[in-house]
Amino acid sequence: MGLSPAPTSLYYLAWVALVPLWIATVREKYRENILIMALLWGFGYHGTALFWITGIHPMTWMGVPWLASLAIAVFCWLFITCWGTAIVLLWCTGMFYLGKELPAAARIFLGVAFWCILEALWSHTPLWWSTVAYTQSPHNLPILQLGQFSGFTTITAVIILINGCIAEAFILGKWKADSNNSKPAHIDSRKLLITSILLLFSFHLWGLYLYRQPLERVADQAVNIGIIQGNIPNTIKLYPEGFKRAIDGYTKGYRLLARREADIVLTPETALPFYWPDIVAQGSFYGAILQEKVPAWVGAFGREGKSYTNSLFTVDGKGKVMSRYDKVKLVPLGEYIPFEPILGRFIDRLSPLDAHLIAGQSGQIVHTPFGIVTVGICYESAYPEHFRGQTLAGGELIITASNNAHYSRAMPAQHHAQDVMRAIENDRWMARATNTGYSAFVNPRGDTIWISGINTYELHQERVYRRQTKTLYVRWGDWLTKSLSLGVVMILLGYKKTLT
C-alpha cells in the first residue's frame with residue numbers, strides 16, 4: 001500500500017492491499033495478533049508514503065545541531081505515521097468487535113463506512129495527508145472523477161469496497177471449505193469475486209464517462225496566468241544571498257511574463273520573504289508592477305498585531321493591494337507546535353526554532369481583478385473542505401502557492417497529486433506555483449496541462465478559464481460519510497434486534 005501513492009504511483013496495488021488485513025479481522029486464527037497486524041499495515045502504508053518528511057534533515061543551516069536535527073526529523077516522521085496508523089488500529093478494532101458476527105454483505109458495508117468515518121474525522125485534525133483516495137492521484141483520472149460527488153470519501157469508499165468484496169469472497173470460500181461444504185462455497189465466493197470485478201469496472205467506466213465530458217472554454221472567462229518558479233534553496237532563502245536572488249529572480253520573471261502579455265503573475269509561498277511594506281520600500285519588484293501594470297499574486301509575510309502571517313497578496317496593476325489571503329492550515333512542527341502544552345517543551349529542547357505563526361481566519365474571500373478565486377497555501381492542499389468552502393462562496397478558479405524545497409521529490413509529487421484531486425472535486429482550473437517544483441497547470445478533469453521540472457528556475461504561462469459550476473460535493477459537502485454513518489447505526493440496531 002505504501003508504494004501506491006506518488007511518486008512510485010503503483011496505484012493499482014491499493015485495490016487489493018487491504019485484503020490480507022481484512023481477512024485477519026474475521027478469521028479466528030489471526031485474531032490474537034490482529035492489533036500487531038494493524039500496526040504493521042499502518043506503519044507500512046503511512047510510514048512509507050510519508051517517509052519524505054525526514055527530508056527536513058539536516059537543518060544545520062538554520063543553526064540546529066546535526067543530532068538534534070536528526071531527532072526532530074525522526075520524531076516528526078514517527079509522530080505523523082502513528083497518527084495515520086491510529087485509523088488502521090481503530091478500524092481493525094471496530095471490525096473485530098462489531099463485524100465478526102455480521103453476514104458478509106453487512107460486514108462489507110461496515111468496513112467501508114467505518115474507514116470513511118475515520119478518515120473524515122482525521123481530515124478535520126491538524127495532522128492530515130495520506131487518505132486512501134490519494135493513492136489514485138494523479139494517474140487514475142477516471143476514478144478520481146468520483147470526487148465530484150462527495151470528495152475524497154467517494155474514492156476511499158470505492159477502494160475499500162473492492163478490497164472488502166475480494167476479502168469476503170476468500171473468507172466465504174475458506175469457511176465453507178472448512179465446513180466440508182465446499183461446492184456451495186466455491187459458487188458463493190466466485191459470485192462475490194465476480195461482483196468485485198464488475199464493481200471495479202463499473203466505477204471506472206462511470207468515471208471515464210465523466211472524464212470524457214467536454215470542457216467549455218468561454219473566451220471572456222479566460223485568464224492568462226504566468227507562473228514564476230524561483231528555485232531558491234531553503235538553505236539560503238532567509239539569508240542575504242537568498243533575499244537578493246528572490247528580488248532579482250522574481251522581478252526579472254515578472255517583467256518577462258508581463259511583456260508576454262500575461263494577465264496576472266503568480267508567485268510561490270513566501271516568494272519574497274519580507275513584510276509587504278518592506279517589499280514596497282525596497283522598490284525593485286514593486287517598481288516593476290508600477291511600470292508593467294500587470295497584477296500579481298505575491299507570496300510574502302503579513303502582520304497581525306505583533307505577530308506575522310504566511311500570506312498571498314493580490315496586487316493590482318497600480319500597485320494597490322486588492323486582497324490578502326492569510327494561510328489557515330499551518331504546518332504542524334514547522335509553523336506552529338500542535339498540542340503545545342505536551343510537545344512544546346520537548347521541541348524547545350531539541351531546536352532553537354521559533355515555530356510560531358498566526359493562522360488566518362476561515363471563510364476568507366479573495367477578490368481579484370478577475371473575480372473571486374479559491375486559494376490554498378502549501379499544506380492546505382490536503383484539506384478538501386478548505387477549497388470547497390471558498391468555491392461555494394464564489395471561487396471561479398483555484399490558485400495554490402507552495403514551498404517544498406526542503407523535502408525529497410516524493411513530497412512535491414504527492415503535493416501535486418493532492419491538488420489534482422482538489423481541481424476535480426471543485427470542477428475548477430488550477431494554477432500552482434512552487435519554489436523548486438512541481439509548479440503546474442491542471443484542468444477541471446485533472447489533466448496536468450503543464451508541469452515544471454524540479455530544482456529549476458522556470459517561467460510559464462497558460463490560459464485557464466473561470467467557471468461558475470458547482471459539483472454535488474461543492475453544494476452538499478461530504479454527504480456520503482453522513483449517509484454511511486446512518487447506515488451503520490441501522491445495521492447494528494437491526495442485527496441486535498434480530499439476535500434478541
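Residues numbered from 1 in each chain as written. Predicted model: local features only at pLDDT ≥ 70, side-chain atom pairs only at ≥ 80, totals over all residues. Heavy atoms only, no water.

Peer 1: Help me understand the overall build of the protein chain in this model?
Peer 2: The helix and strand inventory of the protein chain stands at 17 helices and twelve strands. Its C-alpha atoms give the protein chain a radius of gyration of 24 Å, within 12% of the compact-globule value 23 Å for 500 residues. When the backbone C-alpha atoms are referred to their principal axes, the protein chain occupies close to 85 × 55 × 35 Å. A burial count over the protein chain gives 58% of its 500 residues as buried. Sequence-distant contacts, at least 24 apart, represent 71% of the contacts inside the protein chain between residues at least 6 apart. Only carbon and sulfur atoms are counted for the fraction: they give 63% of the accessible area of the protein chain, which is about 21,100 Å². Charge centroids of the protein chain, computed over 43 positive and 33 negative side chains, lie 4 Å from each other. (Helix = DSSP H or I, 4+ residues; strand = E, 2+ residues; numbered from the N terminus. Rg over C-alpha atoms; globule rule 2.2 N^0.38 Å. Buried < 20%, exposed > 50% of the residue type's maximum accessible area, 1.4 Å probe, protein only. Contact = heavy atoms within 4.5 Å. Areas by Shrake-Rupley, 256 points an atom, 1.4 Å probe, with all protein chains shown as cover. Lys, Arg positive; Asp, Glu negative; His and termini not counted. Charge placed at Lys NZ, Arg CZ, Asp CG, Glu CD.)

Peer 1: Would you mind going over the side chain of Glu458 with me for this structure?
Peer 2: Among the secondary structure elements, Glu458 is positioned in strand S12 (residues 458–465). This buried residue, Glu458, is left without a salt bridge; Arg260 holds the nearest opposite charge, at 9.9 Å. A polar contact of 2.7 Å, which involves the side chain of Glu458, links it to the backbone nitrogen of Gly453. (Salt bridge = Lys/Arg side-chain N within 4 Å of Asp/Glu carboxyl O. Polar contact = N/O pair within 3.5 Å; in protein donor to acceptor, adjacent residues only side chain to side chain.)

Peer 1: How should the environment of Gln145 be read in this particular structure?
Peer 2: The topology assignment puts Gln145 in the loop between helix H5 (141–144) and helix H6 (147–150). Residue Gln145 is classed as buried on the basis of its relative accessible area, which comes to 0%. Sequence separation of Gln145 and Ile155 is ten residues, and the distance between their C-alpha atoms is 8.7 Å. Apart from the residues within four sequence positions on either side, Gln145 is in contact with Gly207, Leu210, Tyr211, Ile424 and Arg445.

Peer 1: Sorry if this is basic, but what is going on with the packing of aromatic side chains here?
Peer 2: To describe a pair of aromatic rings, you give the distance between the ring centres and the angle between the ring planes. Taken as a whole and assessed by the stated rule, the structure comprises 23 aromatic pairs. Ring geometry for Trp129 against Tyr379: centres 6.5 Å apart, planes inclined by 5°, an arrangement best described as stacked. Pair noted here: Trp129 is in the loop between helix H4 (104–122) and H5 and Tyr379 is in the loop between strand S7 (371–377) and helix H14 (384–392), with a separation of 250 residues, a long-range link. When sorted by exposure, Trp129 lands in the same class as Tyr379, which is buried. A ring pair is formed by Phe203 and Trp206, whose centres lie 6.5 Å apart and whose planes are at 35°; its orientation type is tilted. Taken together, the positions of Phe203 and Trp206, both in helix H8 (residues 182–211) and three residues apart, correspond to about one turn of that helix. (Phe/Tyr/Trp six-rings, centres within 6.5 Å; stacked < 30°, edge-to-face > 60°.)

Peer 1: Can you walk me through helix H12 (residues 284–292) in this structure?
Peer 2: Because each turn of an α-helix spans 3.6 residues, side chains separated by three or four positions in sequence point in the same direction. Of the positions making up H12, those classed as buried are Phe285, Tyr286, Gly287, Ala288 and Ile289. At its buried positions, H12 is contacted by helix H10 (240–259), helix H11 (276–282), strand S3 (296–304) and strand S4 (307–315). At the C-terminal side of H12, Lys293 shows a positive phi close to 65°.

Peer 1: In this structure, what is going on with helix H15 (residues 410–426)? I would like to understand it.
Peer 2: Over its 17 residues, H15 extends 25 Å from the first C-alpha to the last, a length consistent with the 24 Å expected when each residue adds 1.5 Å. Of all 17 residues that make up H15, 17 are buried, and the element is covered over most of its length. Following H15 by one or two positions, Asp427 has its phi on the positive side, about 55°. (Expected span 1.5 Å × (residues − 1).)

Peer 1: Would you mind showing me how to read the sheet that holds strand S9 (residues 430–434) here?
Peer 2: Strand pairs in the sheet, formed through backbone hydrogen bonds, run parallel or antiparallel to each other. Reading across from one edge, S6-S7-S8-S9-S10-S11 is the order of the six strands in this open sheet, with mixed pairing throughout. Both edges of this open sheet fall to strand S6 (366–368) and strand S11 (448–451), since each of them pairs with a single strand only. The average undirected angle you get between the axes of adjacent strands in this sheet is 25°. Here four bridges tie S7 to strand S8 (residues 398–402), and the two strands are oriented parallel to one another. Its bridge partner being in S8, Val375 is matched across the sheet by Ile399. Contacting S7 and S8, H14 crosses the sheet at an angle of about 170° to S7. (Pairing = 2+ DSSP bridges. Axes fitted to C-alpha atoms, helices over the stretch in contact; angles between N-to-C directions.)

Peer 1: Explanation requested: the packing of H14 against H15 in the structure shown.
Peer 2: Packed helices, taken two at a time, are described by the angle their axes make and the gap between the axes. It is at 10 Å that the axes of H14 and H15 come closest, and there the two elements cross at 35°. H15 is crossed by H14, and the crossing has right-handed handedness. Where H14 approaches H15, its residues Pro384, Phe387, Arg388 and Thr391 are matched on the opposing element by Arg422, Glu425 and Asn426. Class assignment of the residues belonging to the contact of H14 with H15 gives a composition of two nonpolar, two polar and three charged. (Left-handed = near helix turned anticlockwise from the far one by under 90°. Nonpolar A, V, L, I, M, F, W, Y, C, P; charged D, E, K, R; others polar.)

Peer 1: Sorry, what's going on with the confidence of the model for the protein chain here?
Peer 2: When pLDDT is low, close inspection of the predicted coordinates is not appropriate. Looking at the protein chain as a whole, its pLDDT mean stands at 90, while 91% of the residues score no less than 70. Counting contacts from residues 342–355, a segment whose pLDDT is below 50, to residues more than four positions away or on other chains yields 28 contacts. (pLDDT = per-residue confidence, 0-100.)

Peer 1: I keep staring at the nonpolar core and nothing clicks. Help me out?
Peer 2: A general tendency of soluble globular proteins is for nonpolar side chains to be buried together. Within the largest apolar cluster, 86 residues are counted, with the highest numbers of intra-cluster contacts made by Trp22, Trp91 and Trp115. The contacts of Trp115, once residues within four sequence positions are left out, are Leu18, Trp41, Ile87, Val88, Trp91, Val132, Thr156 and Ile160. (Core = buried A, V, L, I, M, F, W, Y, C linked by side-chain atoms within 4.5 Å.)

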